[in-house]
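Overview (structure and organization)
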Amino acid sequence: MKRILSQCRKELAQFQRDRFTLALAFLLPFISLIIFGFAIRLESKNIPLFVQDFDVSPLSRGYTERLFATNQFEPVNNHSFPLLNSNTKPKIQNPQLAIDQGLAKAAVVIPPDFSRRIKSGLTSTVQILVDGTDVNNARVIKNSIQATTRFFLQNSGLQPSSDKIIAHIRLWFNPGRKESLSIVPGVFAVILWIFPSLLTAITMVREKEKGTILQVYTSSLNAEEFLLGKALAYLLIGISEAVLIMIMSVIIWQLTLAGDPTPLLIGTLMFLIDSTMFGLLIGIRSPTQNAAVQTIALLGFLTSLLLSGFIYPLSNIPFPLSLITYIVPARYYIEITRDAYVRGTGWAGVWLSFLMLVILGLLLFNAARRILKRMQLSD
């Protein structure tokens, strides 16, 4: 145990002398938290909508106002688009051109007989043009306009409600639909998986490049003590990073715990152990620091971002790529963080995720230990 602590103190002393490593450990995680926390938005808002009203009646204006009252669309200035041709009146614009030029994501064309046909009990056709470049955004626009149209007709008394079933929907856990409650806890997993493992891998490769690891091979330190000493040092640094980003999330996004904090605290500790073990494994196998950084970026960043359920639901990942998600530790830590800040179910809801973090941590440590032992014997 004394040799493990001595190795840990040596690593921390070297860490404090390196300003670049200090910046990598604390400044970059904070910047990443700000960028991810504010830049990632899964709910479509402020969608530019072009409305061409040929009817210009109180009913058509009420319909237009109802579309923008959803706070999901923002009006596009009709006067910014050229005319269809020089002979048409100035009020007639080209909605298709607005979409083609990317100035609007959707266009609503209200016919000149809109109010007359509705008041006569006839069906009036409103043309909706939607930019299908972004499939998810197009689906949101389509559903929103359809729902708004039905609500407008019923609210105006033009279409009596004949629904036999009325669903009273209540959003559980997050009734205010605050995206920060979903995004920021997910960012914790990405940051705490990337930076502790990156620091550990760079330090491990640096030992090999400078040749100081040969001293370890010839010393009385065995592979387990060497790895545990390094892991302990960067585990403490990772804990400091976790405290920093969690405090900043409380200050910036007012995140509060929804239940028992112990699953989050113990789960964070276990996840950081996994992260440092992953960094040691990559550092042992990488010949240079550049190779270690690229490997962390490929195997660490991409998997924690795309295969963890952070942005996309895991059910959307096709087979056989979905099998990889079972060995991505960030997947299980995101379940723990979102439970801590949103659901609040405690150990009953996340015990399996914690167990998987323990299993993956043991596998990573065992793999690093075996590789280091083979290197010691070969040298």
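Relevant structure appears above.
The present account deals with the structure reproduced in this document. (Residues numbered from 1 in each chain as written. Predicted model: local features only at pLDDT ≥ 70, side-chain atom pairs only at ≥ 80, totals over all residues. Heavy atoms only, no water.)

Once that is clear, we can look at the pattern of salt bridges. This structure, assessed with the given rule, holds 4 salt bridges. The residue Asp113 makes a salt bridge to Arg116 at a minimum N-O spacing of 3.7 Å. Judged by its relative accessible area of 23%, Asp113 is partly exposed. Of the charged contacts, one joins Arg343 and Asp339 as a salt bridge, the two residues approaching to 3.5 Å between their closest N and O atoms. Taken as a pair, Arg343 and Asp339 lie in helix α12 (residues 329–343) at a separation of 4 residues, close to a single helical turn. (Salt bridge = Lys/Arg side-chain N within 4 Å of Asp/Glu carboxyl O. Buried < 20%, exposed > 50% of the residue type's maximum accessible area, 1.4 Å probe, protein only. Helix = DSSP H or I, 4+ residues; strand = E, 2+ residues; numbered from the N terminus.)

Inspection of the secondary structure puts Pro58 in helix α3 (residues 58–68). The spatial distance from the C-alpha of Pro58 to the C-alpha of Ser115 is 8.3 Å, given a sequence separation of 57 residues.

Moving on, we come to the environment of Leu42. Along the polypeptide, Leu42 turns up in the loop between α2 (19–39) and β1 (47–53). With 95 residues separating them along the chain, Leu42 and Asn137 place their C-alpha atoms 9.9 Å apart. Contact partners of Leu42, with chain neighbours within four places excluded, come to Glu179, Ile183 and Ile311. (Contact = heavy atoms within 4.5 Å.)

The next subject is the packing of aromatic side chains. Within the structure shown, the criterion is met by 9 aromatic pairs. With a centroid separation of 5.5 Å and 35 degrees between ring planes, the pair formed by Trp193 and Phe271 is classed as tilted. Taken together, the residues span a long stretch of sequence, with Trp193 in helix α7 (residues 180–210) and Phe271 in helix α10 (residues 262–285) at a distance of 78 residues. Grouping residues by exposure puts Trp193 and Phe271 together as buried. Measuring from centroid to centroid gives 5.5 Å for Trp347 and Phe354, while their planes differ by 85 degrees, and the two rings are edge-to-face. On the basis of relative accessible area, Trp347 is assigned to the partly exposed category, the value being 32%. Through a chain of ring-to-ring contacts, three or more aromatic side chains come together here, namely Trp193, Phe271, Phe278 and Tyr333. (Phe/Tyr/Trp six-rings, centres within 6.5 Å; stacked < 30°, edge-to-face > 60°.)

Right, let's talk about the pairing of β1 for a bit. Of all 7 residues in β1, 6 are buried, a share of seventy percent or more. Pairing analysis gives 3 bridges linking β1 to strand β2 (residues 73–75), with the strands arranged parallel. Looking at the pairing, Pro48 lines up with Glu74 of β2. On the question of chirality, the crossover connecting β1 to the parallel β2 by way of α3 is right-handed. Relative to strand β3 (residues 106–110), β1 is paired through 5 bridges, and the arrangement is parallel. Within β3, the residue paired with Val51 across the bridge is Val108. (Pairing = 2+ DSSP bridges. Right-handed = clockwise from strand over helix to strand, strands pointing away.)

This paragraph deals with the sheet that holds β1. Ordered in space as β2-β1-β3-β4, the 4 strands form an open sheet in which the pairing is mixed. Strand pairing shows two members of the sheet lacking a second neighbour, β2 and β4 (127–130), which therefore form its edges. The sheet shows a mean angle of 25 degrees between the axes of neighbouring strands, direction not considered. With 4 bridges connecting them, β3 and β4 associate as antiparallel partners. Each residue of the ladder has a partner; that of Ala107, found in β4, is Leu129. Along the sheet, α3 makes contact with β1, β2 and β3, crossing β1 at roughly 175 degrees. (Axes fitted to C-alpha atoms, helices over the stretch in contact; angles between N-to-C directions.)

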